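Chain residues, written in single-letter form:
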Amino acid sequence: MSLNPQYEDIGKGFVQQYYSIFDDPANRANVVNFYSATDSFMTFEGHQIQGAPKILEKVQSLSFQKISRVITTVDSQPTFDGGVLINVLGRLQTDEDQPHAYIQTFVLKPVSGSFFVEHDIFRLSLHDV
């Protein structure tokens, strides 16, 4: 395959769609549809998970209901297989907790004219040193 020339638009569109689903408590479990049953990996705050069923378990285990998010930047790069690497920098606040900066990185893998999330890494930017 070759580089996808629409990687910027794909990255921004994916981030908008993903967070609109994730940030809605009634809809949050539907983010599992972005992942493959076996070929997706998530690292959430250092905890590694493989496959959509396990990713869904993690998403459903999150204790917050309300989330507000400000996205600072979305940087995207094409991958050599036609996919897209996406890096998101932002700030989020859950329920009544203090807001925290976060970074989330996705790798979208092309499949049958669409994409699935092959890799997802999420980390709050906490500096308790």
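Residues numbered from 1 in each chain as written. Predicted model: local features only at pLDDT ≥ 70, side-chain atom pairs only at ≥ 80, totals over all residues. Heavy atoms only, no water.

Peer 1: Break down the nonpolar core for me, citing the residues and quoting the values.
Peer 2: Residues F14, Y18, F22, F34, Y35, I86 and F106 are the most contacted members of the largest nonpolar core, which totals 30 residues. Mapped onto this core, the elements with two or more residues apiece are helix 1 (7–22), strand 1 (41–44), helix 2 (52–61), strand 3 (67–78), strand 4 (84–94), strand 5 (100–111) and strand 6 (114–124). Examining the composition of this core, we find that 7 residues originate from one element, helix 1, more than from any other. With sequence-adjacent residues up to four places away left out, Y35 is seen in contact with Y18, S40, M42, A52, I55, F106, V117 and D120. (Core = buried A, V, L, I, M, F, W, Y, C linked by side-chain atoms within 4.5 Å. Buried < 20%, exposed > 50% of the residue type's maximum accessible area, 1.4 Å probe, protein only. Helix = DSSP H or I, 4+ residues; strand = E, 2+ residues; numbered from the N terminus. Contact = heavy atoms within 4.5 Å.)

Peer 1: Report on unusual backbone geometry, specifying residues and quantitative values.
Peer 2: Positive phi, close to 55 degrees, is recorded for E45, a residue that is not glycine. Tracing the chain through its elements places E45 in the loop between strand 1 and strand 2 (47–50).

Peer 1: Before we move on, can you summarise the pairing of strand 6 with the specific residues and values?
Peer 2: Taken together, the 4 bridges between strand 1 and strand 6 define a ladder with parallel strand orientation. Looking at the pairing, T43 lines up with I121 of strand 6. Here strand 5 pairs with strand 6 via 10 bridges, running antiparallel. Residue T105 lies in a different strand from strand 6, and its bridge partner there is I121. The turn linking strand 5 back onto strand 6 is made up of 2 residues, and S112 within it adopts a positive phi angle of 50 degrees. (Pairing = 2+ DSSP bridges.)

By themselves, these figures tell us nothing about what the structure is for.
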